[in-house]
Amino acid sequence: MSCIAGRMDLMQKTSSRLLALLSLLQAHRDWSGEALAERLGITSRTVRRDIDRLRELGYPITTVKGPAGGYRLEAGAHLPPMLFDDDQAVALAVALQTAATGTTVAEDATRALATLRQVMPPRLRHRIDLLRITAVQPPAADDTPQVDAQVLVDLSRAIHAREELRFDYAPGPSTSADDVRRVQPHHLVTWRHRWYLVAWDLHREDWRTFRVDRIRPRTPTGPRFTPRELPGGNVSAFLTSRFRGNDGTTTDWPCQGEVILHLPAADVAPFAQDGIVEELGPDHCRLTLGSWSWTGLAATIGRFDTDIEVIGPPRLATAFTDLAARYAHAARTTRPHRR
């Protein structure tokens, strides 16, 4: 019996170590074998053996050449078994329950949550069942359109591949029939609850903004292109110059900053107010937002509850520093609750 118990204990320790190793590989681009061994408290030989085990499970880990050598977790052709610790599983369930609205992914998120719940151990399943979250979106116009998530994926793919795009553009208030467009796509952005594609129109030889809900992409995509410089220097300046005054409002805030949020654009857009959200990848976006004060702007951005990278200006970064000091002081001086 003691022998069996010893083997089970060894298996549990090995599984925990593999999970820790996988978490490290997901956190950074490259790791040397020595660094992994030091972080995990094991030998380099054990690291190599554990890397081989993860490869057998389907994780595409490549060996990095160089003086010290190392390892890198690449994207694979199929989805390997997922390993989550308890907190990661709960966080994933919360994210799925609050999936972005305004697109067609809500149903897919519900199915994904059901699949995740099925494979959870009872103790975690109980914690998830206690979470009953309803994501209440800010009020939007009655005519706010639904955007097909697959269209967003197709446009994003063409933008990142720098490939020309052909699509049917559905009729709007000033048109009576579908129009076929051929463009060089540059930016996928949201502005006041609507998705837009910013592109160079090859037929009209000018910059255009297209409502994504009216776009039906054609296949295949066209040849690759070298991106042109956007008027105004960035997508925020371009959009504000195009849309300013169209609805009687202005975006000329006394304090305006730009940050990168580690969240999908679709998650940020419903709460960005009159800010501009630019899709940069599946899990991060650029947000341009304004406020009456720098501290107020920093506090507004902080409510997204994710990692933040300040692009500028420097006064916004200073505001984050001041706010952090203020919050830290509040935490130290909190008085005990009295009844």
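Residues numbered from 1 in each chain as written. Predicted model: local features only at pLDDT ≥ 70, side-chain atom pairs only at ≥ 80, totals over all residues. Heavy atoms only, no water.

Concerning the nonpolar core
Next up, step 1: L197 and V212 are the most contacted members of the largest nonpolar core, which has 38 residues in total.
Next up, step 2: The leading source of residues in this core is helix α7 (residues 149-161), at five residues.
Next up, step 3: Aside from chain neighbours lying at most four places away, what touches V212 is V147, V151, L152, L155, L188, W195, Y196 and L197.
Next up, step 4: Counting 15 residues, the second largest nonpolar core, distinct from the first, contains L18, L22, I51 and I61. (Core = buried A, V, L, I, M, F, W, Y, C linked by side-chain atoms within 4.5 Å. Buried < 20%, exposed > 50% of the residue type's maximum accessible area, 1.4 Å probe, protein only. Helix = DSSP H or I, 4+ residues; strand = E, 2+ residues; numbered from the N terminus. Contact = heavy atoms within 4.5 Å.)

Notes on the pairing of strand β9 (residues 276-281)
Next up, step 1: Of all six residues making up β9, five are buried, and the element is well covered by its neighbours.
Next up, step 2: Pairing of β9 with strand β10 (residues 284-291) involves five bridges; the strand directions are antiparallel. When the sheet's bridge partners are listed, V277 is paired in β10 with L287.
Next up, step 3: Connecting β9 to the next strand, β10, in antiparallel fashion are two residues. (Pairing = 2+ DSSP bridges.)

Quick look at the confidence of the model for the chain
Next up, step 1: Taken over all residues, the pLDDT of the chain has a mean of 75, while the share at 70 or more is 73%.
Next up, step 2: Note that pLDDT drops below 50 for residues 1-12; the model gives that stretch zero contacts with residues more than four away or on any other chain.
Next up, step 3: Counting contacts from residues 245-250, a segment whose pLDDT is below 50, to residues more than four positions away or on other chains yields five contacts. (pLDDT = per-residue confidence, 0-100.)

A few points about the pattern of salt bridges
Next up, step 1: In this structure the tally under the stated criterion is eleven salt bridges.
Next up, step 2: Here R55 and D52 are joined by a salt bridge, their closest N and O atoms 3.4 Å apart. Highlighted residues: R55 and D52, both in helix α3 (residues 44-56), separated by three residues, approximately one helical turn.
Next up, step 3: In this structure R55 comes out as partly exposed when scored by relative accessible area, which is 30%.
Next up, step 4: For D52, a relative accessible area of 38% puts it in the partly exposed group.
Next up, step 5: Between R182 and E164 there is a salt bridge, with the nearest N and O atoms lying 3.1 Å from each other. With a gap of 18 residues between them, R182 in strand β4 (residues 179-191) and E164 in the loop between α7 and β3 (165-169) connect regions that are remote in the sequence.
Next up, step 6: In this structure E164 comes out as buried when scored by relative accessible area, which is 9%.
Next up, step 7: Each of R181, D201 and R204 takes part in a single network of salt bridges with overlapping partners. (Salt bridge = Lys/Arg side-chain N within 4 Å of Asp/Glu carboxyl O.)

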